Amino acid sequence: MSGRLLRLVCTAAVAAGVVLAPGPAMAVPEPEGRSVRQLLTDLQRLYREAEQASEAYNATAEKLKEKRAEVAGIDARLTKARLSLHDSRGVAGRLARQQYQNSSEISSYVRLLLARDPQHALDEGHVIRQLSQERAESVQRLAGSEKQADALARQARRALDDRLTLAERQKKQRDGVRKRLEAVEELLASLSAEQLGQLAALERAGTAAAQQKFVASGALSSERAPSEEGDAALRYAVRQIGKPYEWGAEGPASYDCSGLTSQAWGHAGQAIPRTSQEQWAELPRIPVGELRPGDLVIYFPEATHVALYLGDGMVVQAPRPGAKVKVSPIAANPVLGAVRPDPGGEPVRRYTPPKLPRGATDGSDEGYAPVTEAR
């Protein structure tokens, strides 16, 4: 879609939104004292709070995964250290028994004077000194093994405590997400079909107006070709269109917003952080005007939502609970900025945009449906 055609579509959508959306001259029923516009604001706030909680849950889940791996690694090293300590204690015990059995009150000097063959006695003394040195080294190894085992045991206890703390935090965050999604469910259940239709129409009108303003601002420049990895990531995301949003999900049956972006780039051979906040914090940032397909667009001041740039002012995203992976205008949410997972990637010479599945952009999932059950 060309930029000119995009502006025409946006203008038409705004016009349609004006007809569909409630205006000042046309009174809108106010369920429970709230206007449709207020209901939309409440719903958007609840969705945003749920996504914030979801991304916090995802971040803790990643830390918990890393901590489990750390605990497993420490346990393996501790087992090895304890085996080494057991061997060192065995050697030390054997040396102690040998020393006891070979002990004598006659000094080495007296034995040398009384020996029939002084040279043989000197040679024997040299062997004894070597044995003594080996015994000292064995004792040192024993002491070192004991220190290492003790240090690893303390480290293992701390890592296990950290893991238990993270698990408890994750449980609280999971309960927080469920509570917010239940609030969304409760609000949706209180609305009639007419009110739900009005909400959807008002949201579409707001998105169209925001998109028109965004395009008119010149924030987007001419189209660029993606890198090979960016193209692969985008095509993976396009293949997921139509699959449901589910918080904490990373595919292949369902996704949340950052689950989609991280899996898309992972399948393109480029590992990126799991959450939208980490993607914003750790990946190289680029001006929005330099976006190319496959780049990530980050939303909201807290960086709690993310989508893949499709091109021509559109993105592929897992939008919210109750919706499906789809193509949306880039300004469907307040844009914070953009990041590029492969800043050194060379643009492909000949680029053909991926073919979108039927219904990817027709707004069929823009309405409000029951949210995906929280896990």
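The model shown is predicted, which means the values in this text are computed figures rather than measured ones. Residue numbering note: each chain is counted from 1, following its sequence as written. With pLDDT at 70 or above as the cut-off, local features in this predicted model cover only qualifying residues; side-chain atom pairs require 80 or more to be listed or tallied, and sums for whole chains, interfaces and linings still use all residues. Excluded from the side-chain calculations are hydrogens and water; all other atoms, namely the structure's heavy atoms, are used.

A.B. asks: Looking at this model, I keep getting lost on the overall build of the protein. Mind explaining?
C.D. replies: Working definition: helices are DSSP H or I runs of at least four residues, strands are E runs of at least two. Numbering for both runs from the N terminus. Counting its regular elements, the protein contains 8 helices and 6 strands. Expressed as a percentage of its 375 residues, the buried residues of the protein come to 43%. Only heavy atoms matter for contacts: two residues are in contact if any of them lie within 4.5 Å across the pair. Residue pairs at least 24 apart in sequence account for 76% of intrachain contacts in the protein once pairs closer than 6 positions are excluded. Surface summary for the protein: the accessible area is close to 20700 Å², and the carbon and sulfur share equals 53%. For every residue, the accessible area obtained with a 1.4 Å probe (protein chains only) is divided by the maximum for its type, and the residue is called buried under 20%, exposed over 50%, and partly exposed between those limits. Computed by Shrake-Rupley with a 1.4 Å probe, the accessible areas treat only the displayed protein chains as cover when residues are assessed.

A.B. asks: Can you walk me through the side chain of E55 in this structure?
C.D. replies: Tracing the backbone through its elements, the reader meets E55 in helix α2 (residues 36-101). We call two N or O atoms a polar contact when they sit within 3.5 Å, provided that within protein one can donate a hydrogen and the other can accept it, with sequence-adjacent residues counted only if both atoms are side-chain atoms. Only 3.0 Å separates the side chain of E55 from the side chain of S258, close enough to count as a polar contact. Only 2.7 Å separates the side chain of E55 from the backbone nitrogen of S276, close enough to count as a polar contact. Once residues lying within four places of it in the same chain are set aside, the contact partners of E55 are D256, C257, S258, T275, S276, Q277 and T304.

A.B. asks: Would you explain the packing of aromatic side chains in this entry?
C.D. replies: The description of an aromatic ring pair rests on the distance of the ring centres and on the angle between the ring planes. Aromatic rings from Phe, Tyr and Trp, taking only the six-membered ring of Trp, are treated as a pair when their centres fall within 6.5 Å; an angle between ring planes under 30 degrees marks them as stacked, one over 60 as edge-to-face, and anything in between as tilted. Applying the stated rule across the entire model yields 1 aromatic pair. For the ring pair Y57 and W247, a centre distance of 4.7 Å and an interplane angle of 80° mean the geometry is edge-to-face. Of the two residues, Y57 sits in helix α2 while W247 sits in the loop between α6 (228-239) and α7 (257-267), which places them 190 residues apart along the sequence. Judged by relative accessible area, W247 falls into the buried class, the value being 2%. In this structure, R285 is placed above the aromatic ring of W280, and the distance from its NZ or CZ to the ring centre is 3.7 Å. Charge-over-ring contacts are defined here by two conditions on Lys NZ or Arg CZ: a distance within 6 Å of the ring centre and an angle within 35 degrees of the ring normal.

A.B. asks: I'm lost on the sheet that holds strand β5 (residues 326-329) in this one. Help?
C.D. replies: In sheet architecture, strand pairing relies on hydrogen bonds along the backbone and comes in two forms, parallel and antiparallel. With antiparallel pairing, 6 strands are arranged side by side in an open sheet as β1-β6-β2-β3-β4-β5. The open sheet is flanked by β1 (285-286) and β5, the only strands paired with a single partner. Two strands pair under a simple rule: DSSP has to find at least two bridges between them. Where strand β2 (residues 296-299) meets strand β6 (residues 335-339), 4 bridges bridge the pair, whose relative direction is antiparallel. Bridged to Y299 within β6 is V335. To get an axis, fit a line to the C-alpha atoms, keeping to the stretch in contact for a helix; angles then go from 0 to 180 degrees between the N-to-C directions. In the packing of α6 onto the sheet, the strands contacted are β3 (305-311) and β4 (314-317), and the crossing angle to β3 comes to about 105°.

A.B. asks: What am I meant to see in unusual backbone geometry here?
C.D. replies: Among all residues save glycine, negative phi is the norm, and among peptide bonds the norm is trans. The step from G251 to P252 runs through a cis peptide bond, and the omega angle for that step is 0°. Inspection of the secondary structure puts P252 in the loop between α6 and α7. Even without being glycine, D312 reaches a positive phi, approximately 55°. Structurally, the position occupied by D312 is in the loop between β3 and β4.

A.B. asks: Would you mind showing me how to read the pairing of β2 here?
C.D. replies: Consecutive side chains of a regular strand alternate in pointing toward one face of the sheet and then the other. Taking every second residue as pointing to the same face, both faces of β2 are buried, with L296 and I298 on one and V297 and Y299 on the other. Pairing of β2 with β3 involves 4 bridges; the strand directions are antiparallel. Residue pairing for β3: L296 is matched across the bridge by L308. Turn length for the β2-β3 hairpin, with the two strands adjacent in sequence and antiparallel, is 5 residues, and the turn residue F300 shows positive phi of about 70°.

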